[in-house]
Amino acid sequence: MSDQHWPDALGRINTSNSAGVYYNNYSDTAGANRIGERAPGYKASLSVMASSRRKVLVTLNFFALSGYGFSSTAGEMQRAKDTLVDQVRSLWNQRRLRLILFVLDERGRSTDVSRSLDVEFRIRWTRSMASANYVLCVYPTQNDLPMVPGRTDRPPFVMSGAWTQSHRIEMHIAATEQAWTFSHEFGHCIGLPDEYSHPGVGYFKPDGREGLLLQRPDAFIPANRQGGVTSGRRNSDLRTEMSTNPNSNLLPRHLWPTAIEVRRLVNRLSKSTKFGVDVNFSR
């Protein structure tokens with residue numbers, strides 16, 4: 001397949017509620033009882049450059065302001081913005097996770113024709129809230145954060161636009177928060193769930209079908225990096241950015257929401273060839 005036949009495509013990710021689109025949460029470890037919830041969404045511009053730069057660029061528009069009811073200093077605001085950008089660059093843009101775009105045959109089966117694509121997430125700071133999809137709400141300290149219903153502490157959180165004052169996806173976080181937390185909260189901004197808050201999390205694979213049920217890390221740990229579960233013993237190597245502080249492991253499932261969107265985009269715009277998408281993981 002020559003370079004000119006690989007798709008270059010520009011589109012948008014416009015998911016208002018990640019739950020039910022990229023994953024399901026369950027109240028049991030068997031994945032039988034689904035929990036209905038309103039989760040943060042995933043909104044970004046998506047550029048697939050398969051023929052030219054062999055890259056997928058995901059750009060999220062953020063607007064930064066002081067946490068509601070507070071006046072964070074210019075230094076606190078800049079510290080929070082810099083930490084978020086640095087964590088996205090250093091953790092989420094690592095090249096050991098790559099999208100694999102492959103050609104499907106007439107029966108929808110994978111062929112040997114494929115291309116590896118680097119993924120780059122980019123934060124774009126906007127001058128006004130009107131041109132942003134995300135709002136970074138910066139508080140002076142963690143004690144200044146709003147109280148979360150059902151909690152006795154004040155953790156950072158990302159909230160769906162349906163429940164926010166700005167009607168945009170809001171990340172509420174303290175300027176003094178550790179860098180890992182900024183990275184974890186960014187994971188929610190790109191469609192990922194907490195892997196610790198419910199007994200079961202069912203991820204949708206890049207083809208859109210639910211195919212990986214994780215059980216809460218303090219009870220059961222996935223048997224391997226591509227799926228399956230095992231009871232009993234814990235495996236610290238499998239604790240991840242979305243489950244365990246301060247672990248920063250990323251696994252293929254953490255790019256699956258983006259892979260789902262890439263697959264939708266290239267197949268919507270392709271006139272003849274149909275494509276599948278997977279995620280390649282290397283140590």
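The model shown is predicted, which means the values in this text are computed figures rather than measured ones.

*Asks:* Any chance you could explain the confidence of the model for the protein chain here in plain terms?
*Replies:* Caution applies to low-pLDDT regions: their predicted coordinates should not be interpreted in detail. Counting all residues, the mean pLDDT for the protein chain is 90, and 90% of those residues have values of 70 or more. Low confidence marks residues 221-233, where pLDDT is under 50. Its contacts with residues over four positions away, or in another chain, come to 32 contacts.

*Asks:* What is the right way to read the pattern of salt bridges from this model?
*Replies:* A side chain with one charge can pair with a side chain of the opposite charge if their charged atoms come near. For the coordinates displayed, the defined rule picks out eight salt bridges. For Arg-209, the salt bridge goes to Asp-207, with nearest N and O atoms at 2.7 Å. In this structure, Glu-261 and Arg-264 form a salt bridge, with 3.2 Å as the shortest nitrogen-oxygen distance. Linking Glu-261 with Arg-264, this pair stays in helix α3 (residues 256-269), spanning three residues, or about one helical turn. Among the ionic contacts, a cluster of salt bridges with common partners joins Lys-55, Glu-120 and Arg-122.

*Asks:* Looking at this structure, I do not really get empty space enclosed by the protein. What am I missing?
*Replies:* Taking a probe equal in size to a water molecule and rolling it over the atoms shows the remaining empty space. Applying the stated rule across the entire model yields two cavities of 30 Å³ or more. Looking at the second largest cavity, its volume works out to about 40 Å³. Lining the second largest cavity are Trp-92, Gln-94, Leu-97, Val-119, Leu-250 and Leu-255. Of the residues assigned to the lining of the second largest cavity, the class counts are five nonpolar, one polar and no charged.

*Asks:* Help me understand the pairing of strand β6 (residues 97-104) in this model?
*Replies:* On a regular strand, one side chain projects to one face of the sheet and the next to the other, so that they alternate. Within β6, seven of the eight residues are buried, which leaves it mostly tucked inside the rest of the structure. Sheet analysis places β6 next to strand β15 (residues 275-281), joined by seven bridges and oriented antiparallel. Paired with Leu-97 across the two strands is Phe-281, which belongs to β15. Here five bridges tie β6 to strand β7 (residues 110-125), and the two strands are oriented antiparallel to one another. Bridge pairing in β7 links Leu-99 to Leu-117. Turn length for the β6-β7 hairpin, with the two strands adjacent in sequence and antiparallel, is five residues, and the turn residue Gly-108 shows positive phi of about 80°.

*Asks:* Would you mind going over α3 with me for this structure?
*Replies:* Residue pairs three or four apart in sequence face the same way in an α-helix, which turns once every 3.6 residues. Here α3 is 14 residues long and its end C-alpha atoms lie 20 Å apart, about the 20 Å a rise of 1.5 Å per residue gives. Taken together, the buried positions of α3 are Trp-256, Pro-257, Thr-258, Ala-259, Ile-260, Glu-261, Val-262, Leu-265, Val-266 and Asn-267.

*Asks:* Please explain the layout of surface pockets as it appears in this structure.
*Replies:* For the largest pocket, the calculated volume is near 1,100 Å³. The wall of the largest pocket is formed by 42 residues, among which Val-148, Pro-156, Phe-157, Val-158 and Asp-194 lie closest to the centre. Of all the secondary-structure elements, those providing two or more residues to the lining of the largest pocket are β2 (23-26), β9 (157-159), β10 (169-174) and α2 (179-189). Broken down by element, the lining of the largest pocket gets its largest block of residues, five residues, from α2. In terms of residue class, the lining of the largest pocket is built from 18 nonpolar, 16 polar and eight charged. Of the voids in this model, the second largest pocket is the one considered here, and its volume is about 190 Å³. In terms of lining, the second largest pocket is formed by 12 residues, of which the most central are Phe-102, Pro-206, Asp-207, Val-277 and Asp-278. Of all the secondary-structure elements, those providing two or more residues to the lining of the second largest pocket are β6, α3 and β15. The element contributing the most residues to the lining of the second largest pocket is β15, with three residues. Considering only residue class, the lining of the second largest pocket consists of five nonpolar, three polar and four charged.

Analysis parameters
Residues numbered from 1 in each chain as written. Predicted model: local features only at pLDDT ≥ 70, side-chain atom pairs only at ≥ 80, totals over all residues. Heavy atoms only, no water. pLDDT = per-residue confidence, 0-100. Contact = heavy atoms within 4.5 Å. Salt bridge = Lys/Arg side-chain N within 4 Å of Asp/Glu carboxyl O. Helix = DSSP H or I, 4+ residues; strand = E, 2+ residues; numbered from the N terminus. 1 Å grid on protein atoms, 1.4 Å probe; cavity = no way out; pocket = protein on both sides within 12 Å on 5 of 7 lines; lining within 4 Å. Points joined across faces, edges and corners; volume = space filled by probe spheres on them. Nonpolar A, V, L, I, M, F, W, Y, C, P; charged D, E, K, R; others polar. Buried < 20%, exposed > 50% of the residue type's maximum accessible area, 1.4 Å probe, protein only. Pairing = 2+ DSSP bridges. Expected span 1.5 Å × (residues − 1).

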